[in-house]
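Spelled out from the first residue to the last, the chains are:
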Amino acid sequence: MDLMEKIVSLCKRRGFVFQSSEIYGGFGSCYDFGPQGVELKNNIKKLWWKNIVQDREDVVGLDSAILMSSRVWQASGHLSTGFADEMVECQSCHSRFRKDQLKIFNFQFPISNQIPNSKFQKSKCLECGGKLSAPRKFNLMMKTFVGPVEDSANVAYLRAETCQGIYVNFQNVLQSQRMKIPFGIGQQGKAFRNEITPGNFIFRTREFEQMEMQYFIKSKVKSQKSKVILKNDQELGIEGQNLNAINKDEWSNKEWFVYWANERMNWYLNLGIKKENLRFYKHKKDELAHYAKQGVDIEYKFPFGWQEVEGIHDRGDWDLSNHTKHSGRDLSYFDEKEKKKFIPNIIETSAGADRASLVFLLDAYCEEKVKGEARVVLKINKKLAPVKVAILPLARNQKKIIDLARKISNDLNKNFTCLYDDSGSIGRLYRRQDEVGTPYCLTVDFDSLEDKKVTVRDRDTMAQERIEISKLKEILIMKLNF
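The written sequence of each chain sets the order in which its residues are numbered from 1. Only residues with pLDDT of at least 70 are given local features in this predicted model, and only at 80 or more are side-chain atom pairs given and counted; all residues enter the totals for whole chains, interfaces and linings. Excluded from the side-chain calculations are hydrogens and water; all other atoms, namely the structure's heavy atoms, are used.

Asker: I'd like to hear about the sheet that holds strand 12 (residues 155–158), residue by residue, with values.
Answerer: As a general point, the strands of a sheet are linked pairwise by backbone hydrogen bonds and lie either parallel or antiparallel. A strand pair is defined by DSSP finding two or more bridges across the two strands. Under the DSSP-based scheme used, a helix requires at least four consecutive residues in state H or I and a strand at least two consecutive residues in state E, with every element numbered from the N terminus. Taken together, the 3 strands give an open sheet; going across it, the order is 4-12-11, and neighbouring strands pair in antiparallel fashion. The sheet is open, and its two borders are formed by strand 4 (67–68) and strand 11 (142–145), each paired with just one other strand. Relative to strand 12, strand 11 runs antiparallel, the two being bridged by 4 bridges. When the bridges of strand 12 are listed, Met142 appears paired with Leu158.

Structure representation (structure tokens):
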């Protein structure tokens, strides 16, 4: 957990993440993303959107409302016990915990929901060691009211997930965009869950941002006897099959499920997450969500253990069938070739931008010794780096140097996220930029006034080279792979 403490400190010190409402003592499990943090999260979201929506012909985007009819959540099962955690309360200090966080027989480990409540007679409070109550269901939906009167007729809910907005807009997207199955709808946006015990910084919060894609397919049964298997920690497969040898038009739920799971794993790997820190966790039957036929998590090795970063689920036709039933609207798809209707099945990919931000920060954090001195550096993928180029004048009291540095900064800002900084010695400025992961620092010095060149320093190697100012933009575009 020492690494987590360092990351939390770095995030506040360098403007990545702040505690919400800090001047009023803080607001539990809500965080504000600072100047560096919002750039990092926006870069994650942009790269996700490019990968999922912009680079594909079969996926379109959506931005649905946070507030929806309560009937949406009734149909989806969120207002029943299907969307609830089991909570226990200490009878001494009144601390509350999720059932899966308890110490039983003085050991802390995940607890199966199948364990009888009688076992909790030997459970202990994580705070004071006191006796705990029996588990009871706690719904995670956040309730609010729409309109001037706070009564049952005006009850609404902050959405607990973005995917329901996709399902209720299925026909709108289908008809307006003339989509043909298979196709997907991607969405990013805020979601809210009244977590009993959130924690581990921005890993589990009550307000978070999701990046979800729902892929609509026609269910086929040709490979129902085959099994989805783990080929290795970072690759799924299907027993006895080679996906590349099968026409996509003939893919069943299993093929699409494996395809999207591998696509999503490769996204993290291609952005530099270390292989040894990523793995698939395939859900057992008793671990599947009530709507899922199969599911797999992409897990990251956090300082507090292996935990989910993204979930991929085969949701079958559960969602569109239920919304058809509750709304009275036909959400089926008409197959022109076969001249018949069917309710599409759904393969879902669901990630969190906040949690992904934590993953990229943890994985990039590095401590080094340079000439006997400690150096903290975020060796983050250049595409994700909050600041791409820092412009550092060597003498802040020399007007000609400052003017030239400002001009370079203004010119480069049109193409890159740049930062101008003259508030310290060059060594201190370098270390500051290392900590926020800036790939390149440009030093403007006295020689720059004569030779029209600047010193460009590489974050990872610390190698320096003199580059002509007139060629800076062209060279940086190449170095940053823009």
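Asker: Mind laying out the packing of helix 1 (residues 2–13) against helix 8 (residues 353–364), listing which residues take part and the relevant values?
Answerer: Packing of helix 1 against helix 8 leaves a shortest axis separation of 11 Å and a crossing angle of 110°. Put simply, helix 1 runs roughly perpendicular to helix 8. Taking contact as the criterion, the partners of Leu3, Met4, Ile7 and Cys11 in helix 1 are, on helix 8, Leu358, Leu361 and Leu362. Helix axes are fitted only over the stretch in contact, all axes being lines through C-alpha atoms; the angle between N-to-C directions runs from 0 to 180 degrees. Comment on the angle field: the value is read as roughly parallel under 35 degrees, roughly antiparallel over 145, roughly perpendicular from 65 to 115, and oblique elsewhere. Should any heavy atoms of two residues lie within 4.5 Å, those residues are counted as being in contact.

Asker: Please set out the side chain of Asp335 residue by residue, giving values where relevant.
Answerer: Along the polypeptide, Asp335 turns up in strand 20 (residues 333–335). Throughout this description, a polar contact denotes any pair of N or O atoms lying within 3.5 Å of each other; where both atoms belong to protein, one of them has to be capable of donating a hydrogen while the other can accept it, and for residues adjacent in sequence the pair is counted only when both atoms sit in side chains. In terms of polar contacts, Asp335 uses its side chain to reach the backbone amide nitrogen of Lys337, at 2.9 Å. When near neighbours in sequence (up to four residues on either side) are disregarded, Asp335 contacts Lys218, Lys340 and Phe342.

Asker: So, the nonpolar core: which residues are in play, and what are the values?
Answerer: Membership of the largest hydrophobic core comes to 63 residues, with the highest contact counts inside it found for Tyr268, Leu358 and Phe360. The contacts of Phe360, once residues within four sequence positions are left out, are Ile44, Trp267, Tyr268, Leu271, Ile273, Ile380 and Leu384. Nonpolar cores are built from buried Ala, Val, Leu, Ile, Met, Phe, Trp, Tyr and Cys residues. Side-chain atoms within 4.5 Å join them into one set. In this scheme, a residue with accessible area under 20% of its type's maximum is buried, one over 50% is exposed, and one in between is partly exposed, where area comes from a 1.4 Å probe on protein chains only. Ranked by size, the runner-up nonpolar core spans 21 residues in total, among them Leu412, Phe416, Tyr440 and Val444.

Asker: Could you give an account of the pairing of strand 25 (residues 389–393), with specific residues and numbers?
Answerer: Counting buried positions over the 5 residues of strand 25 gives 5, a clear majority of the element. Alternating positions in strand 25 separate into two faces, Val389, Ile391 and Pro393 on one and Ala390 and Leu392 on the other, with burial throughout. Where strand 25 lies against strand 26 (residues 418–420), 3 bridges are found, and the strand directions are parallel. By the bridge assignment, Val389 is partnered in strand 26 with Cys418. Orient the strands so they point away from the viewer, and a crossover whose first-strand-to-second-strand path over the helix runs clockwise is right-handed. Running through helix 9 (residues 399–412), the crossover from strand 25 to the neighbouring parallel element strand 26 is right-handed.

Asker: Can you break down the pattern of salt bridges residue by residue, with the values?
Answerer: Every case where a carboxyl oxygen of Asp or Glu lies within 4 Å of a side-chain nitrogen of Lys or Arg is listed as a salt bridge. Throughout the structure, instances matching the rule amount to 36 salt bridges. The shortest N-O distance in the salt bridge between Asp354 and Lys41 comes to 3.3 Å. Taken together, the residues Asp354 in helix 8 and Lys41 in helix 2 (residues 35–54) connect sequence positions 313 residues apart. Lys41 carries the same exposure label as Asp354, and that label is buried. We note a salt bridge from Lys45 to Glu209, for which the minimum N-O separation is 2.8 Å. Of this pair, Lys45 sits in helix 2 while Glu209 sits in strand 14 (residues 207–217), and the two are 164 residues apart along the sequence. Side by side, Lys45 and Glu209 carry an identical accessibility label, which is buried. Residues joined by salt bridges that share partners form a network here, namely Glu368, Arg375, Lys379, Arg431, Asp434 and Arg457.

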